[in-house]
Amino acid sequence: MGWLIRTVVTLAVLAILGLGIGYKWLEIQFDAPGPLDQEQILVVDPGSGVSAIAARLKDAGLLKDPIIFRLGVRLENQARSLQAGEFLIPARASARQIMEILSSGRTLVRRLTVPEGLTSREIMDLVAAADALTGNAPEALPEGSLLPETYHYQRGDSRGELVGRMQESLQAALAELWPQRAEGLPLKNPEEAVILASIVEKETGVGGERPLVASVFYNRLAKGMPLQSDPTVIFALTKGKAPLGRALTRQDWKVDDPYNTYQNTGLPPGPIANPGRASLEAVLRPAESGYLYFVADGQGGHAFTKTLAEHNRNVQKLRRLRQQQSN
């Protein structure tokens, strides 16, 4: 009888030792670096169980043996913690690291940068082309209703929701900046600020010039002079649906359209693009100057002048410079 007890005890000890060795082996394999040689995006569909996720990891080349992942996840009691979504898996990630990433819910954050000065049609084209969004981009959005900046989103977010955030961002910016505007500005409401900011945005891409450009337009408005902004004429011709595709001509300045600021005084009836925050700030806190004219200086900026005679001399300089550059 004694021999039987000793045998049972021996077998039990061997089993325990075997389990211990097996667990240690599994732990080593679970923590071992994976085969992935560079970071990779992994998409886990909603409702995926451990086995389905393990199979996807194997197919994507993130793991050599899906069984290691399945056993490790279950031994760590994390089977119900794995989440759906889009994840960035680093190179050489172990099965344990992948489990922790999927359990954390730290899904991949994508970004869409909307440059300042685009028309609403151009911004909707960017939204339509953005990866991993769902649904269609809205149609026929008003000009000047979106705030250009960088927007973050996740796979599965809708294009309509993203555009809604762009609209909300503009309203939030106006709610912040409008009360801080300089005194005495000839603007009736925030909508007129957007109109003028859209013109400033299209006139210069030099940040430091925006307040000066705004001052020129305010000085012209105060004197009853037309704004004479070429970008407004381009918008009169295209309505923001497509680029003009050619240089403006003197004949274009005569087009009969309310957006043509060569033929009409005051502000045009609406924005000609979507201005960024810096242009909104420039319009609401303009520089103080006596300038009435500006023209490109050929160096990427503009030359500002107070008299027409000075302006005409700068125009001639620009023409000579461009002629030299073309020769």
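Residues take numbers from 1 onward in each chain, read along the sequence in its written order. The predicted origin of the model limits local features to residues at a pLDDT of at least 70 and limits the giving and counting of side-chain atom pairs to 80 or more, whereas totals for whole chains, interfaces and linings rest on all residues. In computing side-chain properties, one takes all heavy atoms of the structure into account and sets aside hydrogens as well as water.

1. Looking at the overall build of the chain
This is how the line gets drawn: Only DSSP runs of H or I reaching four residues or more are called helices, and only runs of E reaching two or more are called strands; each is numbered from the N terminus. Here the term buried applies to any residue with accessible area under 20% of the maximum for its type, exposed to any over 50%, and partly exposed to those in between, with areas from a 1.4 Å probe on protein chains only. Only heavy atoms enter the contact rule, under which two residues are in contact if any of them lie within 4.5 Å.
Counting its regular elements, the chain contains 11 helices and six strands. For the chain, the C-alpha atoms occupy an extent of roughly 120 × 50 × 35 Å along the three principal directions. Counting across all 327 residues of the chain, residues that qualify as buried make up 40%. For the chain, the share of sequence-separated contacts (at least 6 apart) that also reach a separation of at least 24 residues comes to 62%.

2. Side note on the pattern of salt bridges
What counts, and what does not: Think of a salt bridge as a Lys or Arg side-chain nitrogen and an Asp or Glu carboxyl oxygen that are within 4 Å of each other.
Applying the stated rule across the entire model yields 13 salt bridges. For Asp45, the salt bridge is made with Arg56, and the minimal N-O distance between the two is 3.2 Å. One end of the pair, Asp45, is in the loop between strand 1 (40-44) and helix 2 (50-59); the other, Arg56, is in helix 2, and 11 residues separate them in sequence. On the basis of relative accessible area, Asp45 is assigned to the partly exposed category, the value being 36%. In this structure, Lys239 engages Asp257 in a salt bridge whose closest nitrogen and oxygen atoms are separated by 2.7 Å. Linking Lys239 in the loop between helix 9 (230-238) and helix 10 (277-284) with Asp257 in the loop between helix 9 and helix 10, this pair joins segments that are 18 residues apart in sequence. On the basis of relative accessibility, which here comes to 12%, the residue Asp257 falls in the buried class. Connected through salt bridges with shared partners, the residues Asp31, Glu76 and Arg96 form a single ionic network.

3. Digging into the packing of aromatic side chains
Applicable threshold: Classification of ring pairs uses Phe, Tyr and Trp, with its six-membered ring standing for Trp, and accepts pairs whose centres are within 6.5 Å; under 30 degrees between planes counts as stacked, over 60 as edge-to-face, and the remaining range as tilted.
Summed over all chains, the structure comprises five aromatic pairs. When the centroid spacing of 5.9 Å and the interplanar angle of 75 degrees are considered together, the rings of Phe217 and Phe294 count as edge-to-face. One end of the pair, Phe217, is in helix 8 (residues 210-223); the other, Phe294, is in strand 5 (residues 293-296), and 77 residues separate them in sequence. Accessibility assignment for this pair places Phe217 and Phe294 in one class, buried. Here the aromatic rings of Phe294 and Phe304 are separated by 5.6 Å at their centres, their planes lie at 35 degrees, and the arrangement is tilted. Here Phe304 lies in strand 6 (residues 302-305) and Phe294 lies in strand 5, a separation of 10 residues in the sequence. The buried category is assigned to Phe294, whose relative accessible area is 15%. By way of ring pairs, the aromatic residues Phe217, Tyr291, Phe294 and Phe304 are connected into one cluster.

4. What about the side chain of Ser145?
In this structure, Ser145 sits in the loop between helix 5 (120-129) and strand 4 (150-153). Not counting residues up to four positions away in its chain, the partners in contact with Ser145 are Ser120, Met166, Gln167, Leu170 and Asn274.

5. Topic: the nonpolar core
Put simply, the rule is: Buried residues of nine kinds, namely Ala, Val, Leu, Ile, Met, Phe, Trp, Tyr and Cys, make up a nonpolar core once their side-chain atoms join them within 4.5 Å.
Residues Val127, Met166 and Val283 are the most contacted members of the largest nonpolar core, which totals 45 residues. At the level of elements, helix 5, strand 4, helix 6 (159-177), helix 7 (190-203), helix 8, helix 9 and helix 10 are the ones that each hand at least two residues to this core. Ranked by residues supplied to this core, first place goes to helix 6 with seven residues. If we skip the residues at most four places from it in the chain, Val283 touches Leu185, Leu187, Ala193, Leu196, Ala197, Val200, Ala214 and Tyr218. Counting 23 residues, the second largest nonpolar core, distinct from the first, contains Ala54, Leu63, Leu82 and Ile101.

6. A word on helix 8
Just so we agree on the cut-off: What a helix is expected to span follows from its residue count: subtract one and scale by 1.5 Å.
Spanning 14 residues, helix 8 covers 20 Å between terminal C-alpha atoms, matching the ideal 20 Å at 1.5 Å per step. All of the buried residues along helix 8 are Arg210, Val213, Ala214, Ser215, Val216, Phe217, Tyr218, Asn219 and Arg220. Buried residues belonging to helix 8 abut helix 7, helix 10, strand 5 and strand 6. A positive backbone phi angle near 75 degrees is found at Gly224, which sits one or two residues after helix 8.

7. What about helix 7?
Put simply, the test is: We call two N or O atoms a polar contact when they sit within 3.5 Å, provided that within protein one can donate a hydrogen and the other can accept it, with sequence-adjacent residues counted only if both atoms are side-chain atoms.
Its 14 residues give helix 7 an end-to-end C-alpha distance of 20 Å, which sits within 8% of 20 Å, the value for a rise of 1.5 Å per residue. Among the 14 residues of helix 7, 11 are classified as buried, and the element is accordingly described as predominantly covered. Listed in full, the buried residues belonging to helix 7 are Glu192, Ala193, Val194, Ile195, Leu196, Ala197, Ser198, Ile199, Val200, Glu201 and Glu203. In this structure, the buried side of helix 7 is in contact with helix 6, helix 8, helix 9, helix 10, strand 5 and strand 6. Looking at where helix 7 begins, the residue whose side-chain oxygen comes 3.2 Å from the main-chain nitrogen of Glu191 is Asn189.

8. Describing the side chain of Thr107
Here Thr107 shows up in the loop between helix 4 (95-104) and strand 3 (110-113). Side-chain polar atoms of Thr107 contact the side chain of Gln154, separated by 2.6 Å. Contact partners of Thr107, with chain neighbours within four places excluded, come to Ala84, Gly85, Glu86, Phe87 and Gln154.

9. A look at unusual backbone geometry
Positive phi outside glycine occurs at Asn77, with the angle close to 60 degrees. Among the residues examined, Asn77 registers a relative accessible area of 65% and is labelled exposed. Look at Ala132: it is not a glycine, yet its phi comes out positive at around 70 degrees. Turning to its location among the elements, Ala132 is positioned in the loop between helix 5 and strand 4.

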